[in-house]
Amino acid sequence: MAILNILKEGDETLRKKCRPVEEITPRIIQLLDDMHDTLDKAQGVGLAAPQVGVLRRIVIVEIDGIKYEMINPEIIATKGKQEEIEACLSVPEKYGLVKRPAWVKVRATDRNGNVYEAEGNGLMARCFCHELDHLDGTLYIDKAIEMYDPDDIEDA
């Protein structure tokens, strides 16, 4: 397992659209394992393959002990609205208020080739949307209603 370099805002790779995964190979499995190690070290809740320089439609989400590995994920349903502050491992030391659905259902494939659906509300819904945006070259700062620096967040 390896800790991968997380690309930062300004790297053009983060703005590119990712290609679907056609076949789950040992390299894809290794990437998933390395992404988990990288996310654990960075103490984040989600990571998309383009954030580590791989232009494939893969994300991982880890919230409250629940872990999702999503290959070729797509949002298939949403409900409601929420406005919350988001951050990103690729946009350090910045925070932004973003409008997202309150509830999201996603369809994806796991590392074993099984198609499944996952749903979540609140933070999980935001995370699903945030990470899937990365697959199309969109960063949360593109959708932010308002941006904050760390001092603004600590004072709130």
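Structure: above.
Residues numbered from 1 in each chain as written. Predicted model: local features only at pLDDT ≥ 70, side-chain atom pairs only at ≥ 80, totals over all residues. Heavy atoms only, no water.

Chemist: Could you clarify how one ought to interpret the overall build of the chain in this entry?
Modeler: If you tally the helices and strands in the chain, you get three helices and eight strands. Counting from the amino terminus, the chain carries its helices and strands in the arrangement α-β-β-β-β-β-β-β-α-β-α. The globule rule puts the C-alpha radius of gyration for 156 residues at 15 Å, and the 15 Å found for the chain is close to it. Principal axes of the C-alpha set define a box for the chain whose edges measure 45 × 35 × 30 Å. The proportion of buried residues among the 156 residues of the chain is 46%. Within the chain, residue pairs in contact and separated by at least 24 positions form 67% of the contacts whose partners lie at least 6 positions apart. Element-wise, carbon and sulfur atoms account for 45% of the exposed surface of the chain, whose accessible area totals about 8200 Å². When the 20 basic and 30 acidic side-chain charges of the chain are each reduced to a single mean position, those positions are 6 Å apart. (Helix = DSSP H or I, 4+ residues; strand = E, 2+ residues; numbered from the N terminus. Rg over C-alpha atoms; globule rule 2.2 N^0.38 Å. Buried < 20%, exposed > 50% of the residue type's maximum accessible area, 1.4 Å probe, protein only. Contact = heavy atoms within 4.5 Å. Areas by Shrake-Rupley, 256 points an atom, 1.4 Å probe, with all protein chains shown as cover. Lys, Arg positive; Asp, Glu negative; His and termini not counted. Charge placed at Lys NZ, Arg CZ, Asp CG, Glu CD.)

Chemist: What is the right way to read the sheet that holds strand β4 (residues 82-88) from this model?
Modeler: For sheets, the rule is that strands pair by backbone hydrogen bonds, running either parallel or antiparallel. Strand order across the open sheet formed by three strands is β4-β5-β8, with antiparallel pairing between neighbours. Both outer strands of the open sheet, β4 and β8 (146-148), are each paired with one neighbouring strand and no more. Between one strand and the next, the sheet's axes are offset by a mean angle of 25°, whatever the strand orientation. Of the strand pairs in this sheet, β4 and strand β5 (residues 91-100) are connected by six bridges, and their pairing is antiparallel. Residue pairing in the sheet places Ile85 in a bridge with Leu97 of β5. Packing of helix α2 (residues 123-134) onto the sheet brings it into contact with β4 and β5, and relative to β4 it is tilted by some 55°. (Pairing = 2+ DSSP bridges. Axes fitted to C-alpha atoms, helices over the stretch in contact; angles between N-to-C directions.)

Chemist: What should I look at first to understand the environment of Glu22 in this one?
Modeler: Mapped onto the elements of the fold, Glu22 is located in the segment before α1 (26-42). Take Glu22: its relative accessible area is 74%, and that puts it in the exposed class. Placed 73 residues apart in sequence, Glu22 and Tyr95 show a C-alpha to C-alpha distance of 35 Å.

Chemist: Just to check I follow, could you spell out unusual backbone geometry for this structure?
Modeler: One can expect most non-glycine residues to show negative phi and most peptide bonds to be in trans. Positive phi, normally seen in glycine, also occurs at Asp64, with a value near 50°. Assignment of secondary structure puts Asp64 in the loop between β2 (58-63) and β3 (66-79). A relative accessible area of 76% places Asp64 in the exposed class. Even without being a glycine, Asn72 presents a positive backbone phi close to 55°. Position of Asn72 among the secondary structure elements: in strand β3.

Chemist: Would you take a moment to explain the sheet that holds strand β1 (residues 46-48) for this structure?
Modeler: Taken in spatial order, the five strands of this open sheet run β1-β2-β3-β6-β7, and their pairing is antiparallel. The open sheet is flanked by β1 and β7 (115-121), the only strands paired with a single partner. For this sheet the average axis-to-axis angle between neighbouring strands, irrespective of direction, equals 40°. Of the strand pairs in this sheet, β1 and β2 are connected by three bridges, and their pairing is antiparallel. Bridge pairing links Gly46 to Val61 in β2. Along the sheet, α1 makes contact with β1, β2 and β3, crossing β2 at roughly 40°. In this fold α2 packs onto β1, β2, β3, β6 (103-109) and β7, with an angle of close to 160° to the strand it touches most, β2.

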